[in-house]
Amino acid sequence: QVQLVESGGGLVQAGGSLRLSCAASGAILSIYSMGWYRQAPGKQREMVATITGDIADYADSVKGRFTISRDNAKNTVYLQMNSLKPEDTAVYYCNLDASTYFSRRNPDYWGQGTQVTVSS
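Residues numbered from 1 in each chain as written. Predicted model: local features only at pLDDT ≥ 70, side-chain atom pairs only at ≥ 80, totals over all residues. Heavy atoms only, no water.

So, the pairing of strand β3 (residues 18–26)
The pairing of strand β1 (residues 2–7) with β3 spans 6 bridges and is classified as antiparallel. Along β3, the bridge assignment pairs Val-5 with Ala-23. The pairing of β3 with strand β8 (residues 76–81) spans 6 bridges and is classified as antiparallel. Of the residues in β8, the one forming a bridge with Arg-19 is Gln-80. (Pairing = 2+ DSSP bridges. Helix = DSSP H or I, 4+ residues; strand = E, 2+ residues; numbered from the N terminus.)

Quick notes on the nonpolar core
Core analysis: the biggest nonpolar cluster contains 32 residues, and Trp-36, Leu-79, Met-81, Tyr-92 and Leu-96 have the highest contact counts within it. Apart from the residues lying within four places of it in its own chain, the contact partners of Met-81 are Gly-16, Ser-17, Leu-18, Leu-20, Arg-65, Phe-66, Tyr-92 and Val-116. (Core = buried A, V, L, I, M, F, W, Y, C linked by side-chain atoms within 4.5 Å. Buried < 20%, exposed > 50% of the residue type's maximum accessible area, 1.4 Å probe, protein only. Contact = heavy atoms within 4.5 Å.)

Digging into the sheet that holds strand β7 (residues 66–71)
Spatially, the 4 strands line up as an open sheet ordered β1-β3-β8-β7, and their pairing is antiparallel. On the outer flanks of this sheet lie β1 and β7, each paired with one strand and no other. Direction aside, the axes of adjacent strands within the sheet are offset by 15 degrees on average. (Axes fitted to C-alpha atoms, helices over the stretch in contact; angles between N-to-C directions.)

Points about unusual backbone geometry
For Asn-75, which is not a glycine, the phi torsion comes out positive at approximately 50 degrees. Its location among the elements puts Asn-75 in the loop between β7 and β8. The exposure class assigned to Asn-75 is partly exposed, which follows from its relative accessible area of 24%. Not every positive phi belongs to a glycine, and Ser-83 is a case in point at roughly 50 degrees. Looking at the secondary structure, you find Ser-83 in the loop between β8 and β9 (90–100).

Some words on the pairing of strand β4 (residues 28–39)
Where β4 lies against β9, 10 bridges are found, and the strand directions are antiparallel. The residue of β9 that forms the bridge with Ser-30 is Ser-99. Note: β4 against strand β5 (residues 46–52), 5 bridges, orientation antiparallel. Each residue of the ladder has a partner; that of Gly-35, found in β5, is Thr-50. Taking the residues between adjacent antiparallel strands as the criterion, β4 and β5 are bridged by 6 residues, where Gly-42 takes a positive phi near 80 degrees.

What to know about the pattern of salt bridges
What the rule picks out here adds up to 5 salt bridges. For Asp-88, the salt bridge goes to Arg-38, with nearest N and O atoms at 3.0 Å. On the criterion of sequence distance, the pair formed by Asp-88 in the loop between β8 and β9 and Arg-38 in strand β4 is long-range, its members being 50 residues apart. This pair shows no difference in class: Asp-88 is buried, exactly as Arg-38 is. Close ionic contact of Arg-65 with Asp-88 constitutes a salt bridge, the shortest N to O distance being 2.7 Å. Taken as a pair, Arg-65 in the loop between β6 (55–58) and β7 and Asp-88 in the loop between β8 and β9 lie far apart in primary sequence, 23 residues in all. Given a relative accessible area of 11%, Arg-65 falls into the buried group. When salt bridges with common partners are traced through the structure, they connect Arg-38, Glu-46, Arg-65 and Asp-88 into a single cluster. (Salt bridge = Lys/Arg side-chain N within 4 Å of Asp/Glu carboxyl O.)

Listed below in structure tokens is the structure:
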């Protein structure tokens, strides 16, 4: 019922920038929040940034470097990543907290993930 399609990952040198996009589609009735999480090899998935309405929240490790934004008309969330570091290397997952015309609110819609690799 809900699909999340991510794009924008890739390989970049330390200090570089990338912009991730995630477009949500399907029978979406209401979006409560959208966000980005990441999982590095051998580590648990962690929150990177979320946006609820106009309120953004960031992990301490990315504050001042990453910016999350949202296009409500397109049901799309973006993550602008600047000053990338090797420790930012991970698979980045888009998350959606939404209700649909057929189901109640569900905070666990996930994209397929996009690899971000930062070389030193």
